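Survey of secondary and tertiary structure
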Amino acid sequence: IKQEQTHQHVNKKKSLFHIALELDDQGKTEEAIKFYKQHLENKVSTSALFNLGLIYEETLDNPQEAIKYYKLLLTHKKDSSVMTRLGLLYLNADKSQNNFNDAEKYFKLGIKHKEYVNLYNLSVLYDMYNNNDLAKEYFGLYLMSKIIHSLEEKDLFYKLHLTNL
């Protein structure tokens, strides 16, 4: 009996998440938020945290709430795309809020997790704050990463497709 109750409880948690997804897809944002939050009361779900961050970032234009959920997600899973999103949220925030250090921190974390677009993002950040030397350095690193990636793809292409010629 206990196993059956546990199974029903797990299905209920999953259904809360799936209901939230459906509501979100239907544009019923406030209702979706309620179901995501109910889901999170029962278990940590990086998917629910990400979706809440996304709703607050893109649908409701509430960067502070988005930041809260993205940061919470990162305590459970090191996700480079979320690091990038956090960096961009801080980058695009009002300059008077002095978000430079936070933007820099998340872009550098993203780079450590192989999200190399953050080399470019750092160059933009440094340019915004008039640090031209670092802006040029990181833009150069970004271009080199693109060239290296291109060469690796060509090398892989040759290995996969041209070795039998």
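Above this text sits the structure in question.
Okay, so let's go over this structure. The model shown is predicted, which means the values in this text are computed figures rather than measured ones.

**Regarding a nonpolar patch on the surface**
A surface patch of nonpolar side chains, about 320 Å² in accessible area, is lined by Val117, Tyr120, Phe139 and Leu143. Within the element layout of this structure, Phe139 appears in helix α8 (residues 132-161).

**A word on unusual backbone geometry**
The phi angle at Lys114 is positive, at roughly 70°, despite the residue not being glycine. Within the fold, Lys114 resides in the loop between α6 (100-112) and α7 (117-128). One non-glycine residue, Asn130, adopts positive backbone phi at about 60°. Tracing the sequence through the fold places Asn130 in the loop between α7 and α8. Judged by relative accessible area, which is 64%, Asn130 ranks as exposed.

**Description of helix α3 (residues 46-59)**
Across its 14 residues, α3 extends 19 Å between first and last C-alpha, which sits within 8% of the 20 Å expected from 1.5 Å per residue. For α3, the full list of buried residues reads Ala48, Leu49, Asn51, Leu52, Gly53, Ile55, Tyr56 and Glu57. Two residues or fewer past α3, Asp61 is found with a positive phi of approximately 50°.

**Concerning the packing of aromatic side chains**
Using the criterion set out here, one finds 10 aromatic pairs in the structure. A ring pair is formed by Phe100 and Tyr126, whose centres lie 5.9 Å apart and whose planes are at 55°; its orientation type is tilted. Of the two residues, Phe100 is situated in helix α6 and Tyr126 in helix α7; the sequence distance between them amounts to 26 residues. The exposure class assigned to Tyr126 is buried, which follows from its relative accessible area of 2%. Relative to Tyr138, the ring of Tyr126 lies with its centre 5.5 Å away and its plane at 45°, an arrangement referred to as tilted. One end of the pair, Tyr126, is in helix α7; the other, Tyr138, is in helix α8, and 12 residues separate them in sequence.

**Focus on the pattern of salt bridges**
Taken as a whole and assessed by the stated rule, the structure comprises four salt bridges. In this structure, the salt-bridge partner of Glu58 is Arg85, at a minimum N-O distance of 3.3 Å. Residue Glu58 is found in helix α3, and its partner Arg85 is found in helix α5 (residues 80-91); the two are separated by 27 residues along the sequence. Residue class for Glu58 comes out exposed when judged on its relative accessible area of 52%. Here Glu65 and Lys68 are joined by a salt bridge, their closest N and O atoms 3.2 Å apart. With a gap of three residues between them, Glu65 and Lys68 both fall in helix α4 (residues 63-74), about one helical turn apart. A relative accessible area of 43% means that Lys68 is categorised as partly exposed. Via salt bridges that share partners, Glu57, Glu58 and Arg85 belong to a single interconnected network.

**Looking at the side chain of Thr29**
As for its position among the elements, Thr29 is in helix α2 (residues 29-42). The class of Thr29 is buried, set by a relative accessible area of 12%. Setting aside its immediate chain neighbours within four residues, Thr29 contacts Ile55, Thr59 and Leu60.

**Some remarks on the environment of Gln64**
When you line up the elements, Gln64 lands in helix α4. By relative accessible area, which is 54% here, Gln64 ends up exposed.

**Some thoughts on the packing of α5 against α7**
Look at α5 against α7: their axes get within 11 Å of each other, and the N-to-C directions meet at 15°. In terms of axis orientation, α5 runs roughly parallel to α7. For the crossing formed where α5 meets α7, the hand is left-handed. Contacts between α5 and α7 involve Thr84, Leu88 and Leu91 from the former and Val117, Asn118, Asn121, Val124, Leu125 and Met128 from the latter.

So, how was this worked out
Residues numbered from 1 in each chain as written. Predicted model: local features only at pLDDT ≥ 70, side-chain atom pairs only at ≥ 80, totals over all residues. Heavy atoms only, no water. Patch = residues over 30% accessible without salt bridge, like charges linked within 9 Å, V, L, I, M, F, W, Y side chains within 5 Å. Areas by Shrake-Rupley, 256 points an atom, 1.4 Å probe, with all protein chains shown as cover. Salt bridge = Lys/Arg side-chain N within 4 Å of Asp/Glu carboxyl O. Helix = DSSP H or I, 4+ residues; strand = E, 2+ residues; numbered from the N terminus. Buried < 20%, exposed > 50% of the residue type's maximum accessible area, 1.4 Å probe, protein only. Expected span 1.5 Å × (residues − 1). Phe/Tyr/Trp six-rings, centres within 6.5 Å; stacked < 30°, edge-to-face > 60°. Contact = heavy atoms within 4.5 Å. Axes fitted to C-alpha atoms, helices over the stretch in contact; angles between N-to-C directions. Parallel < 35°, antiparallel > 145°, perpendicular 65-115°, else oblique. Left-handed = near helix turned anticlockwise from the far one by under 90°.

Keep in mind that these numbers describe shape and distance, not what the molecule does.
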